Amino acid sequence: MIVRWGLGELSPVLAELGIERPLLVASPRWRLDIDAATRWTEVPSDRVAEAAERAGDGVVAVGGGSAIDLGKAISAEADVPLVSVPTTYAGAEWTTYFGIRDPERKMKGGGAGAHLGAAVYEPELTLNLPRAETVGTAMNALAHCAEAMYAEGHNAAGDAHAVQGASLIGEWLPRVVEEPHDLRARTKLLEGAMHAGAALGASMLALGHAMAQALGGRYGLPHGAMNALTLPEALRFNEEVAPDAVRRFREEVGADVEELAALGGFERLRDFGVPEADLPEVAAATVQRAGAKANPRPASAADVEQLLHNIY
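Residues numbered from 1 in each chain as written. Predicted model: local features only at pLDDT ≥ 70, side-chain atom pairs only at ≥ 80, totals over all residues. Heavy atoms only, no water.

Attention shifts here to the overall build of the protein. When you go through the protein residue by residue, the secondary structure sums to 13 helices and eight strands. A compact globule built from 312 residues would reach a C-alpha radius of gyration of about 20 Å, and the protein, at 18 Å, matches this within 12%. Buried positions account for 54% of the 312 residues belonging to the protein. Taking contacts inside the protein between residues at least 6 apart in sequence as the whole, the part at least 24 apart equals 70%. For the protein, the exposed surface amounts to about 12600 Å²; the carbon and sulfur share of it is 47%. In the protein, 27 side chains carry a positive charge and 43 a negative one; their mean positions are 2 Å apart. (Helix = DSSP H or I, 4+ residues; strand = E, 2+ residues; numbered from the N terminus. Rg over C-alpha atoms; globule rule 2.2 N^0.38 Å. Buried < 20%, exposed > 50% of the residue type's maximum accessible area, 1.4 Å probe, protein only. Contact = heavy atoms within 4.5 Å. Areas by Shrake-Rupley, 256 points an atom, 1.4 Å probe, with all protein chains shown as cover. Lys, Arg positive; Asp, Glu negative; His and termini not counted. Charge placed at Lys NZ, Arg CZ, Asp CG, Glu CD.)

Counting across every chain of the model gives one cavity of 30 Å³ or more. A volume near 30 Å³ is recorded for the largest cavity. Taken together, Pro44, Ser45, Ser66, Leu70, Gly99, Ile100 and Arg101 make up the lining of the largest cavity. Listed by contribution, the elements that provide at least two residues to the lining of the largest cavity are helix 3 (65-78) and strand 6 (98-101). Per-element accounting of the lining of the largest cavity gives the leading share, three residues, to strand 6. (1 Å grid on protein atoms, 1.4 Å probe; cavity = no way out; pocket = protein on both sides within 12 Å on 5 of 7 lines; lining within 4 Å. Points joined across faces, edges and corners; volume = space filled by probe spheres on them.)

Packing of helix 7 (residues 207-219) against helix 11 (residues 279-286) leaves a shortest axis separation of 9 Å and a crossing angle of 125°. Relative to helix 11, the element helix 7 lies oblique. The chirality of how helix 7 crosses helix 11 is right-handed. On helix 11, the residues touching Leu207, Ala210, Met211, Ala214, Leu215, Arg218 and Tyr219 of helix 7 are Glu281, Val282, Ala285 and Thr286. Taken together, the residues that form the contact of helix 7 with helix 11 break down as eight nonpolar, one polar and two charged. (Axes fitted to C-alpha atoms, helices over the stretch in contact; angles between N-to-C directions. Parallel < 35°, antiparallel > 145°, perpendicular 65-115°, else oblique. Left-handed = near helix turned anticlockwise from the far one by under 90°. Nonpolar A, V, L, I, M, F, W, Y, C, P; charged D, E, K, R; others polar.)

With that out of the way, let us pick up the layout of surface pockets. In this approach the atoms are scanned with a rolling probe the size of a water molecule, which exposes any empty space left behind. There is about 160 Å³ of room inside the second largest pocket. With five residues, helix 8 (residues 223-238) is the largest single contributor of residues to the lining of the second largest pocket. Looking at the lining of the second largest pocket residue by residue, the class counts come to seven nonpolar, one polar and five charged.

Turning our eyes to something else, we now look at the pattern of salt bridges. A full pass over the atoms with the stated rule returns 17 salt bridges. For Arg297, the salt bridge goes to Glu240, with nearest N and O atoms at 3.6 Å. Residue Arg297 is found in the loop between helix 12 (290-293) and helix 13 (301-311), and its partner Glu240 is found in the loop between helix 8 and helix 9 (243-253); the two are separated by 57 residues along the sequence. In this structure, the salt-bridge partner of Arg247 is Asp244, at a minimum N-O distance of 3.1 Å. Of this pair, Arg247 and Asp244 both sit in helix 9, separated by three residues, roughly a single helical turn. The exposure class of Arg247 is partly exposed, given its relative accessible area of 42%. The network of salt bridges with shared partners includes Glu42, Arg47, Glu50 and Arg54. (Salt bridge = Lys/Arg side-chain N within 4 Å of Asp/Glu carboxyl O.)

A word on the side chain of Glu93. The topology assignment puts Glu93 in the loop between strand 5 (81-86) and strand 6. Buried and without a salt bridge, Glu93 has Lys72 as its closest oppositely charged side chain, separated by 7.5 Å. At 2.6 Å, the side chain of Glu93 and the side chain of Tyr121 are in polar contact. Residues within four places of Glu93 in sequence aside, it is in contact with Met1, Ile68, Ser84, Pro86, Leu116, Ala119 and Tyr121. (Polar contact = N/O pair within 3.5 Å; in protein donor to acceptor, adjacent residues only side chain to side chain.)

What follows covers helix 3. Here helix 3 contains 14 residues, and its C-alpha end-to-end distance of 20 Å stays within 8% of the 20 Å for a straight helix at 1.5 Å per residue. Considered for burial, the residues of helix 3 that qualify are Ala67, Ile68, Asp69, Leu70, Gly71, Lys72, Ala73, Ile74 and Ser75. Downstream of helix 3 by a residue or two, Asp79 has a phi angle that is positive, lying close to 60°. (Expected span 1.5 Å × (residues − 1).)

With that out of the way, let us pick up helix 6 (residues 183-202). In a regular helix each residue adds 1.5 Å, so 20 residues correspond to 28 Å; helix 6 covers 29 Å between its end C-alpha atoms and thus fits that length. Between a side-chain oxygen at the N-terminus of helix 6 and the backbone nitrogen of Arg184 the separation is 3.0 Å; the capping residue is Asp182.

Let us look at the sheet that holds strand 2 (residues 23-25). Read from one edge of the open sheet, six strands run 1-8-5-4-2-3, paired in parallel fashion. Only two strands of the sheet have a single partner each, and these edge strands are strand 1 (2-5) and strand 3 (38-40). For this sheet, the mean inter-axis angle between neighbouring strands, taken without regard to orientation, is 20°. In the packing of helix 3 onto the sheet, contacts are made with strand 2, strand 3, strand 4 (59-63), strand 5 and strand 8 (115-121), and the angle to strand 4 comes to roughly 165°. (Pairing = 2+ DSSP bridges.)

Right, here's the structure in full:
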């Protein structure tokens, strides 16, 4: 995948990929100086087939994980390359997998097979990202780093990116929260998220993400916020079987993971309106997910239910 920094690189990247008239997937607030065939502003959207009919010779997705996942779904459906311009720290631009949500953000399905052409990073697009979304998506990126270091199939290339990502996120996330319009701090945090995404692309997800996906998909909750809550419990659960990886991850972050989550106001699951009576069903759904199956320590539904109760 081509990686470039600076919005001025977008047009050259499109030319390099042979994309002349792409479909632009972006909410109305994003303005790009490209010759788009048309624009799809319903983000997120489960109308993938309809959007794919307008894909032209490529897709440019601008936004967070929802916009980029939609771009990936359209790319797979229309069999055209995707160029992502991330405006959060979610890292969705690094995998061919995607989830599909309706406009109420409830999960409607998913798949794989996106044609990843390029990612173009522009830190200025993150300057007005609110605190909750900043911390949530950065915690999602941090979870990518952790899981890349111990998920089934983890490897040296993924570890190298995970270490860099964890270090940058741990150092710069508090600074961004303190000075949200500091462009250098935002740039460093986005660089950390880029490495986290590359780590994700080289490895797999694990239990923390599986819990976050089950919660977010069922209730329409922000994926980053759910990862912020589930990551600390997943780390404690896996420390028994992957002590070296968890220790190194904590050392690279250099900060308490729960304290980083608290920067976004993420402390308890009950704060998001999840009914406690539903936790057994969420746990049962979690253990069926690929991330739970790739976790280094097998987790039963009872194990996951206890982890969910711990953060409730």
